[in-house]
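Fold and contact review
Given next are the chains, with one letter for each unit.
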Amino acid sequence: MKKEIIQVNFRISVKAFLINNEKIFVVKRASGDVQSPNIWELPEGRLELGEDPYLGLIREIKEETGLYARPICPLTVRHFERSDGQTITMIIFFCKLMGGDAKLSEEHSESSWISLEEAMSKLTDFFHKELDTFSRLNLLNVDLK
């Protein structure tokens, strides 16, 4: 019996709750972005085929922001379909800033270090689950030496 091959438009994406001095780093998508122009979000990117999620996240943060980060641990895993039909599995990581100077890629127009309270209003509802976790566990005040 011959099995039918089903092709799926699927990618793995990583996002960073990047913290420093009790603040969260957020970026604003450029106005010309196809998926979600002008929204505030977390630094992120899609992994290359077979790429390690930790190393891919470090690479994406550097490419998009000019910053060096250390992923501490995954916070959540989400599954959804983008408006273009691509299926995404997204791993959202808790990360610590290690250095660098913020220099945004053309994908973003602004960046900011904001408080947890500001993040609740600036970021979309999509991230409120993780923001609640940050608040409950007091993660902004964790000493990550």
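One can find the structure itself at the top, above this paragraph.
Summary of the structure given here. (Residues numbered from 1 in each chain as written. Predicted model: local features only at pLDDT ≥ 70, side-chain atom pairs only at ≥ 80, totals over all residues. Heavy atoms only, no water.)

**Concerning the overall build of the protein chain**
Looking only at helices and strands, the protein chain has three helices and seven strands in total. In sequence order, the secondary structure elements of the protein chain are arranged as β-β-β-β-α-β-β-β-α-α. For 145 residues, the compact-globule estimate of 2.2 N^0.38 gives 15 Å, and the C-alpha radius of gyration of the protein chain, at 16 Å, lies within 12% of that figure. Projected onto its principal axes, the C-alpha coordinates of the protein chain cover approximately 60 × 30 × 25 Å. In the protein chain, which comprises 145 residues, the share counted as buried stands at 41%. In the protein chain, the share of contacts with a sequence separation of at least 24, taken over all contacts with a separation of at least 6, comes to 67%. For the protein chain, the exposed surface amounts to about 8500 Å²; the carbon and sulfur share of it is 51%. Computed over 19 positive and 23 negative side-chain charges, the inter-centroid distance for the protein chain is 3 Å. (Helix = DSSP H or I, 4+ residues; strand = E, 2+ residues; numbered from the N terminus. Rg over C-alpha atoms; globule rule 2.2 N^0.38 Å. Buried < 20%, exposed > 50% of the residue type's maximum accessible area, 1.4 Å probe, protein only. Contact = heavy atoms within 4.5 Å. Areas by Shrake-Rupley, 256 points an atom, 1.4 Å probe, with all protein chains shown as cover. Lys, Arg positive; Asp, Glu negative; His and termini not counted. Charge placed at Lys NZ, Arg CZ, Asp CG, Glu CD.)

**Looking at the pattern of salt bridges**
A complete count under the given rule lists 10 salt bridges for this structure. Notably, a salt bridge pairs R29 with E41, separated by 3.2 Å at the nearest N-O pair. Taken as a pair, R29 in strand β2 (residues 23–29) and E41 in strand β3 (residues 40–41) lie far apart in primary sequence, 12 residues in all. A single burial state applies to R29 and to E41, both of which are buried. Among the salt bridges present, the one from R59 reaches E60, with a minimum N-O distance of 3.1 Å. Members of the salt-bridge network, linked through shared partners, are K15, R29, D33, E41 and E44. (Salt bridge = Lys/Arg side-chain N within 4 Å of Asp/Glu carboxyl O.)

**As for the packing of aromatic side chains**
Per the stated rule, a full pass over the model turns up seven aromatic pairs. Consider the rings of Y54 and F93, whose centres lie 4.9 Å apart with planes at 65 degrees: the pair is edge-to-face. Placement of Y54 in helix α1 (residues 53–65) and of F93 in strand β6 (residues 87–100) is noted, with a sequence separation of 39 residues between them. Residue Y54 is classed as partly exposed on the basis of its relative accessible area, which comes to 33%. Pairing F126 with F127 gives two aromatic rings, centres 5.1 Å apart and planes at 85 degrees, and the pair type is edge-to-face. With relative accessibility at 29%, the residue F126 sits in the partly exposed group. An aromatic cluster of three or more residues is present, and its members are F17, F80, F94, F126, F127 and F134. Note that K122 overlies the ring of W40, its terminal NZ or CZ placed 4.2 Å from the centroid. (Phe/Tyr/Trp six-rings, centres within 6.5 Å; stacked < 30°, edge-to-face > 60°. Lys NZ or Arg CZ within 6 Å of the ring centre and 35° of its normal.)

**Looking at the nonpolar core**
Generally speaking, a soluble globular protein has its nonpolar side chains buried in company with each other. Among the nonpolar cores identified, the biggest contains 19 residues, and F17, I24, V26, L42, L123, L131 and F134 are the most heavily contacted of them. Contributions of two or more residues to this core are made by β1 (10–20), β2, β6, α2 (116–122) and α3 (128–137). No other element matches β6, which puts four residues into this core. Not counting the four nearest positions on each side in its chain, V26 is found in contact with W40, E41, L42, E110, S111, S112, I114, K122 and L123. Core analysis: the second largest hydrophobic core is formed by 14 residues, A16, F25, V27 and I91 among them. (Core = buried A, V, L, I, M, F, W, Y, C linked by side-chain atoms within 4.5 Å.)

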